[in-house]
Amino acid sequence: QVHVVESGGGLVQAGGSLRLSCAASGRTISAYIFGWFRLAPGKEREFVAGISRSGGSTNYADSVKGRFTISRDNAKNLVYLQMNSLKVEDTAVYYCAAEPSAGYSDRLVFTLPGQYTGWGQGIQVTVSS
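Source: prediction; values computed, not measured.

**Student:** Explain the overall build of the protein to me, please; I cannot follow it from the model alone.
**Tutor:** Secondary structure summary: the protein contains zero helices and eleven strands in total. Listed by position from the N terminus, the elements making up the protein come as β-β-β-β-β-β-β-β-β-β-β. The C-alpha atoms of the protein give 14 Å as radius of gyration, which agrees with the globular expectation for 129 residues (14 Å, within 12%). By its C-alpha atoms, the protein is 45 × 25 × 25 Å across when sized along the principal axes. Nonlocal contacts in the protein, meaning residues at least 24 apart in sequence, comprise 61% of its contacts between residues at least 6 apart. Counting only carbon and sulfur atoms, one obtains 49% of the accessible surface of the protein, whose full area is about 6,400 Å². For the protein, the distance from the average position of its 12 positive side-chain charges to the average position of its 9 negative side-chain charges is 5 Å.

Here's what the structure looks like:
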C-alpha cells in the first residue's frame, strides 16, 4: 500500500500561484499512476489532473487546463501540481491519490476517484478575491 502526503497549500490571492507537492512512500513509486482531486464546499470530489507512471502522459480537467501542470520526479518520489492564475473557484481541499498500474498501458491515467486506492489526507487551498 502506497502512502502519500500533500504539502504546499495555503492562502493566496486570485491570480497568484501555488505548488502542491505529494510525497509518496511504498514499493516502486514509479509503478503508480498519480492523480490530484479536489473537494470544494457544496460540491462532489472533482478530478483535477492525472499523470501516467512514466510521466509521459497527463490529463487535466477542463476547468484547469492551461493553468495547472502536473509533473512527477520518480527519483525523488514526488508528484507536483503547479497552480497558476488561481481563481476563487479553485478554493478546495486538494488530495493526492495513487494506484498501482501493473498490467496497464504505460500511458494510462486514471480520472475517477474509485480508480485510486491510496489517498493523502488532503490540503487546503484558499484563493481570496
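**Student:** Sorry if this is basic, but what is going on with the sheet that holds strand S8 (residues 78-83) here?
**Tutor:** Whenever strands of a sheet pair, they do so through backbone hydrogen bonds, lying parallel or antiparallel. With respect to topology, four strands assemble into an open sheet ordered S1-S3-S8-S7, the strand pairing being antiparallel. Of all strands in the sheet, those with a lone pairing partner are strand S1 (3-7) and strand S7 (68-73), marking the two edges. Strand-to-strand twist in this sheet, taken as the mean axis angle between neighbours without regard to direction, amounts to 15°. Two elements, S7 and S8, share six bridges in a ladder whose sense is antiparallel. Bridge pairing in S8 places Arg-72 opposite Val-79.

**Student:** Would you mind showing me how to read the pairing of strand S5 (residues 46-51) here?
**Tutor:** Side chains on a regular strand alternate between the two faces of the sheet. Counting buried positions along S5 gives five out of six residues, so the element sits mostly inside the fold. Between the end of strand S4 (residues 32-39) and the start of S5, which pair antiparallel, lie six residues, with Gly-42 showing a positive phi angle near 80°.

**Student:** Whenever I open this one, the state of the cysteines confuses me. Can you help?
**Tutor:** As used in these notes, a disulfide is a covalent bond between sulfur atoms, one from each of two cysteines. Under the definition given, this model contains one disulfide. Shown here is the disulfide that connects Cys-22 with Cys-96, its sulfur atoms set 2.1 Å apart. Here the S-S torsion is close to -80°, and the disulfide linking Cys-22 with Cys-96 is therefore left-handed. Here Cys-22 is found in strand S3 (residues 18-25), whereas its partner Cys-96 is found in strand S9 (residues 92-100), with 74 residues between them in sequence.

**Student:** What exactly am I supposed to notice about the packing of aromatic side chains here?
**Tutor:** Aromatic ring pairs: the centre-centre distance and the angle between the two ring planes describe each pair. Applying the stated rule across the entire model yields eight aromatic pairs. Ring plane angle 80° and centroid distance 5.5 Å describe the contact between Phe-37 and Tyr-116, whose orientation is recorded as edge-to-face. You can see Phe-37 sitting in strand S4 and its partner Tyr-116 sitting in the loop between S9 and strand S10 (118-119), a full 79 residues away along the chain. For Phe-37, a relative accessible area of 0% translates into the label buried. Grouping aromatic residues by their ring pairs yields a cluster made of Phe-37, Phe-47, Tyr-95, Tyr-104, Phe-110, Tyr-116 and Trp-119. Across from the ring centre of Tyr-95, 4.3 Å away, lies the NZ or CZ of Arg-45, which sits over that ring. The ring of Trp-119 has Arg-45 sitting right over it, with the charged end atom 4.7 Å from the ring centre.

What counts and how
- Residues numbered from 1 in each chain as written.
- Predicted model: local features only at pLDDT ≥ 70, side-chain atom pairs only at ≥ 80, totals over all residues.
- Heavy atoms only, no water.
- Helix = DSSP H or I, 4+ residues; strand = E, 2+ residues; numbered from the N terminus.
- Rg over C-alpha atoms; globule rule 2.2 N^0.38 Å.
- Contact = heavy atoms within 4.5 Å.
- Areas by Shrake-Rupley, 256 points an atom, 1.4 Å probe, with all protein chains shown as cover.
- Lys, Arg positive; Asp, Glu negative; His and termini not counted.
- Charge placed at Lys NZ, Arg CZ, Asp CG, Glu CD.
- Pairing = 2+ DSSP bridges.
- Axes fitted to C-alpha atoms, helices over the stretch in contact; angles between N-to-C directions.
- Buried < 20%, exposed > 50% of the residue type's maximum accessible area, 1.4 Å probe, protein only.
- Disulfide = S-S within 2.5 Å.
- Phe/Tyr/Trp six-rings, centres within 6.5 Å; stacked < 30°, edge-to-face > 60°.
- Lys NZ or Arg CZ within 6 Å of the ring centre and 35° of its normal.

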